[in-house]
Amino acid sequence: MRALAAMSVANIRSFYRDRASLFWTLAFPIIFVVLFGSIFSGGSTRFSIGWVDQDGTPAAQGMRAAFEQVPILGIEEADEDAALQAMRDGELDAVVIVPAGLGNALADAGEPFRLTLYTDPSRQTASTTVQQIVNQVVGGMNQRLSGVPPLLAVDTQPLQTQNISAAAYFVPSILAMALMQLGVFAAIPLVAQREKLILKRLGATPLSRATLVGSNVVMRLLIALVQSTLIIGIGAALFGVTIVGNIILVAALIALGALTFLAIGYVIASYARTEETANALTSVVQFPLMFLSGIFFPIEFMPDFLQPVAAVMPLTYLGDALRQTMVGGAAYVPLEVDVLVLGGWLVVSFLISARFFRWQ
Amino acid sequence: MRDVPATEPVISARDLAKHYGTVKAVAGITFEVGRGEVFGLLGPNGAGKTTTIEILEGLRRPDGGQATVLGHDVARHPDRLKERIGVQLQTAALYPNLTVAELIDLFGSFYRRRRPADELIEELGLGERRTALTRDLSGGQRQRLSIALALVNDPELIFLDEPTTGLDPQARRSLWDHIARFRSEGRTVLLTTHYMEEAERLCDRIAIMDHGLILEMGTVAELVTRHFRERTVRFDTRSELTDASLSGIRGVSRVAHEDGEVALYTTDVPGTVGALLALGDRLGIADLDLAVRRPSLEDVFLELTGRALRD
């Protein structure tokens, strides 16, 4: 017990005196939270529309007023060339052109009068949304002008869904990523300690291997606690992402995740002979985990051929479990399945490293 | 060729062997080390010294023969003996981001019996560096720290693997003083070295190893006497003294020319010196500068292994 405490303290000291590990495990995830938060929360869903009125009649002004009533549209009046240039420069999302003759056309009621709408098809969401809004507004005006009462109408009812905000999606994701890195990166000091014969020197003392591994687990779990507190705290303070689920359950999942990835770190350390190999292997492991596990975007958005890959990644399940319990996000699989898959990775990784890890 | 020390052995190895693949690192060695002895394994790199010492430390399992250390079988109860031995590995292995005092305290926590860190820091002259990170220590300080770690459990038996390799002469001498002190404190020391001078100065007994085997074992005087009954009488080459006249001198078995000197190999030093001086008188040589040399451990080594032991 005394040796376990002393080894844990020594590990923690070694850790916080190593600037690089401090940066990657604490500063890096925080930078990620702040960066992602600013990018995704800052961009509100509001569209700027250039309004080119070549008609100038009260009818055209009435139409503009109808558009101005749509809350997510910002209307900016300009001439055609200026408006199109502004759209090319990215200042406008779309341009509506009202050609001269609108007033007369409405009075005559012959052929339909045509407005022109410029949208950017490469920005699919924006262009579709703007098209729908424009069609809706124009449709409403058609109806009023023609005087035919609507035969069908839709009543909207509010219903709480599991569609969570961008910030609520990525805070658990970044926590999962940080826990993954904490565990996987453990391989590097382990291999370094073996390479420098520190593990061998310890082997010449009565210190048991269980105590040695135990002290590493204690240290990593403590760091996981600090990391989680920081990430969750910043998520709550800056982006209002609060934990809606059971905090004990969240803590247990954090511990399970930290242990699973630490075991994977030991597997890497079992195969890497030099510190350089360990560095390379952790990158080889962590990047696919990060980008193919649905922690940055839902798995359904991935190409079909990558979805089976995501389905075996342990990080997928840690992200999913944390998202479900922390912010009530939509489940990829039920929570029990998340726990089972993570537990499976933990057991298999433990067995592999117990068999293949070399102390000298 | 088994030298049994008078006291009960602290280390007893019999037919000890260890293979790595097809390489026989240790090919069946037998020796004993008595309580309070400083015993040296002397040999070139790759002789099997480190493998031998690591088997006795409980770090490697032998795959032939057996060994007991402080009464414990090294293969069956390595944990029991680790509690009572002090170990210094060939490459000083330390946590780079811990201080001297922290590291000594850490190692102390592994043992039931332990000495205060302050005492060890004082003893090894690390007082000024006690709050320094180990990565900032000089080579000599690092070596003294690793000796401090070997002493942290107040061990009866200390293993030192190439303790002075890579040290400057001053640091080497300081380490020799420490090893001499261990003997005066009644501790037993097993050390490996490839420095003749170190072995001659420090060790009560020496085992010369090569290719995984012990070639010869005993005190330095015993080894030399066993292999060389002859001494050499040496003097600067003089043209008046021809080989023919020298070989007729009493006791001389061989006349050799080594490094500009004449070397007369003899088993009767007083007789040879007397006859040589008389011969000089007759030829009118008054200033013959004589030296008598006993063969050194190095000569024994050369004789046994056929190669010089230098790094």
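What you see is a predicted model, and the numbers here were worked out from it, not measured in a lab.

Basis of the calculations
- Residues numbered from 1 in each chain as written.
- Chains lettered and ligands numbered in written order.
- Predicted model: local features only at pLDDT ≥ 70, side-chain atom pairs only at ≥ 80, totals over all residues.
- Helix = DSSP H or I, 4+ residues; strand = E, 2+ residues; numbered from the N terminus.
- Buried ≥ 20, exposed ≤ 12 C-beta atoms within 10 Å, placed from the backbone.
- Contact = placed C-beta atoms within 7 Å.
- pLDDT = per-residue confidence, 0-100.
- Expected span 1.5 Å × (residues − 1).
- Arc of directions from axis to C-beta.
- Pairing = 2+ DSSP bridges.
- Axes fitted to C-alpha atoms, helices over the stretch in contact; angles between N-to-C directions.
- Nonpolar A, V, L, I, M, F, W, Y, C, P; charged D, E, K, R; others polar.
- Parallel < 35°, antiparallel > 145°, perpendicular 65-115°, else oblique.
- Left-handed = near helix turned anticlockwise from the far one by under 90°.
- Core = buried A, V, L, I, M, F, W, Y, C linked by C-beta atoms within 7 Å.
- Domains from an automatic or database assignment.

## Concerning the overall build of chain B
Then, number 1: Looking only at helices and strands, chain B has 11 helices and 14 strands in total.
Then, number 2: For chain B, the spread of C-alpha atoms along the principal axes amounts to about 75 × 45 × 35 Å.
Then, number 3: For chain B, with 311 residues in total, the buried portion stands at 41%.
Then, number 4: A separation threshold of at least 6 residues defines the contact pool for chain B, and within that pool the share at least 24 residues apart is 68%.

## With respect to the confidence of the model for chain A
Note that predicted coordinates carrying low pLDDT should not be read in detail.
Then, number 1: Taken as a whole, chain A shows an average pLDDT of 86; of its residues, 94% reach a score of 70 or greater.
Then, number 2: Mean pLDDT across the secondary structure elements of chain A bottoms out at helix 5 (residues 102–108) of chain A, with 72, and peaks at helix 11 (residues 247–271) of chain A, with 95.

## Side note on helix 6 (residues 169–184) of chain B
Residue and element names in this part refer to chain B.
Then, number 1: Compared with the 22 Å implied by 1.5 Å per residue over 16 residues, the 23 Å span of helix 6 between its first and last C-alpha is a close match.
Then, number 2: All buried positions along helix 6 are accounted for by L175, I179 and F182. Projected down its long axis, helix 6 shows its buried positions confined to an angular sector of 50°, all on one face. Exposed positions of helix 6 whose direction lies more than 90 degrees from the buried face are P169, Q170, R173, D177, R181 and S184.
Then, number 3: Of the residues flanking the end of helix 6, it is G186, one or two places downstream, whose phi is positive at about 90°.

## Details of the sheet that holds strand 7 (residues 157–161) of chain B
Residue and element names in this part refer to chain B.
Then, number 1: Read across the open sheet, the six strands follow the order 6-7-8-3-9-10; overall the sheet is mixed. Taken across any chain shown, the strands that pair with only one partner, and hence form the sheet edges, are strand 6 (85–88) and strand 10 (213–218). For this sheet, the mean angle separating the axes of adjacent strands, direction not counted, is 15°.
Then, number 2: Strand direction decides the pairing type here: strand 3 (residues 38–42) and strand 9 (residues 205–210), joined by four bridges, are parallel. Following the sheet pairing, G40 is matched in strand 9 by I206.

## Remarks on the pairing of strand 6 of chain B
All names here are of chain B.
Then, number 1: Covered by surrounding structure in strand 6 are I85 and V87 together with G86 and Q88, the residues of both alternating faces.
Then, number 2: Alignment of strand 6 against strand 7, held across four bridges, turns out to be parallel. Residue pairing across strands places I85 opposite L157, the latter belonging to strand 7.

## Structural notes on the sheet that holds strand 11 (residues 231–236) of chain B
Residues and elements named next belong to chain B.
Then, number 1: Taken together, four strands build an open sheet; the order of strands is 12-13-11-14 and the sheet is antiparallel. Of all strands in the sheet, those with a lone pairing partner are strand 12 (252–258) and strand 14 (291–293), marking the two edges. Across the sheet, the mean angle separating the axes of adjacent strands is 25° when strand polarity is ignored.
Then, number 2: As paired elements, strand 11 and strand 13 (residues 261–266) share six bridges and run antiparallel to each other. Within strand 13, the residue paired with F235 across the bridge is V262.
Then, number 3: Running over the sheet, helix 10 (residues 269–283) touches strand 11, strand 12, strand 13 and strand 14 and is turned about 25° from strand 11.

## Regarding the interface of chain A and chain B
Then, number 1: With 18 residues of chain A at the contact, the number on the chain B side is 19 residues.
Then, number 2: The set of elements that each furnish at least two residues to the side of chain A that touches chain B consists of helix 1 (2–16) and helix 9 (198–203) of chain A.
Then, number 3: Of the residues forming the side of chain A that touches chain B, the biggest block, six residues, is contributed by helix 1 of chain A.
Then, number 4: For the side of chain A that touches chain B, the class distribution of residues is eight nonpolar, three polar and seven charged.

## Observations regarding the environment of V244 of chain A
All names here are of chain A.
Then, number 1: You can see V244 is positioned in the loop between helix 10 (209–239) and helix 11.
Then, number 2: V244 sits 84 residues away from G328 along the chain, and the two C-alpha atoms are 6.6 Å apart.
Then, number 3: Residues contacting V244, with those up to four places away along its chain left out, are V327 and G328.

## Side note on helix 5 (residues 139–150) of chain B
Residues and elements named next belong to chain B.
Then, number 1: When the terminal C-alpha atoms of helix 5 are compared, their 17 Å separation across 12 residues agrees well with the 16 Å that a helix rising 1.5 Å per residue should span.
Then, number 2: Among all positions of helix 5, only R142, Q143, R144, L145, S146, I147, A148, L149 and A150 are buried.
Then, number 3: Of the surrounding elements, those touching the buried residues of helix 5 are strand 6, helix 3 (100–108), helix 4 (117–123), strand 7 and helix 6.

## Topic: the packing of helix 11 of chain A against helix 15 (residues 335–356) of chain A
Residue and element names in this part refer to chain A.
Then, number 1: Two elements in contact, helix 11 and helix 15, have axes whose closest approach is 8 Å; the angle formed by their N-to-C orientations is 30°. One element, helix 11, and the other, helix 15, form an angle in the roughly parallel class. For helix 11 against helix 15, the interelement crossing comes out left-handed. Where helix 11 abuts helix 15, its residues L256, G257, L259, T260, A263, I264, Y266, V267 and S270 lie against V339, L342, W345, L346, S349, F350, I352, S353 and F356.
Then, number 2: Split by residue class, the contact of helix 11 with helix 15 holds 13 nonpolar, five polar and no charged.

## Side note on unusual backbone geometry
Residues and elements named next belong to chain B.
Then, number 1: The backbone phi angle of D154 is positive, close to 50°, even though this residue is not glycine.
Then, number 2: Inspection of the secondary structure puts D154 in the loop between helix 5 and strand 7.
Then, number 3: You can call D154 partly exposed: it has 15 C-beta atoms within 10 Å.
Then, number 4: Even without being glycine, E162 reaches a positive phi, approximately 50°.
Then, number 5: Within the element layout of this structure, E162 appears in the loop between strand 7 and helix 6.
Then, number 6: The exposure class of E162 is buried, given the 20 C-beta atoms found within 10 Å.

## Side note on the nonpolar core
Buried together is how nonpolar side chains tend to be arranged in soluble globular proteins.
Then, number 1: Membership of the largest hydrophobic core comes to 79 residues, with the highest contact counts inside it found for L56, L103, I104, A148, V189 and L190 of chain B.
Then, number 2: Residues contacting V189 of chain B, with those up to four places away along its chain left out, are V38, F39, I158, L160, I179, F182 and R183 of chain B.
Then, number 3: Membership of the second largest hydrophobic core comes to 59 residues, among which are L259, L262, A310 and V327 of chain A.

## Section: the domain arrangement of chain A
Then, number 1: As assigned here, chain A comprises domain 1 (2–41 + 163–356) and domain 2 (44–146).
Then, number 2: Placing a centre on the C-alpha atoms of domain 1 of chain A and another on those of domain 2 of chain A gives a separation of 50 Å.

## What to know about the environment of P116 of chain B
Residue and element names in this part refer to chain B.
Then, number 1: Tracing the sequence through the fold places P116 in the loop between helix 3 and helix 4.
Then, number 2: Its 12 C-beta neighbours within 10 Å are what place P116 among the exposed residues.
Then, number 3: Each C-alpha atom of the pair P116 and E128 lies 17 Å from the other, and the pair is 12 residues apart in sequence.

## Let's talk about the packing of helix 3 of chain B against helix 5 of chain B
Helix-helix packing: each pair is described by the crossing angle between the helix axes and the interaxial distance.
Residues and elements named next belong to chain B.
Then, number 1: Where helix 3 contacts helix 5, the two axes come as close as 9 Å, and the packing angle between them is 25°. Judged on the interaxial angle alone, helix 5 and helix 3 are roughly parallel. You can see that helix 3 and helix 5 cross each other, and the crossing is right-handed. Residues V100, L103, I104 and F107 of helix 3 form the contact with helix 5, whose participating residues are L145, A148 and L149.
Then, number 2: Considered class by class, the residues forming the contact of helix 3 with helix 5 number seven nonpolar, no polar and no charged.

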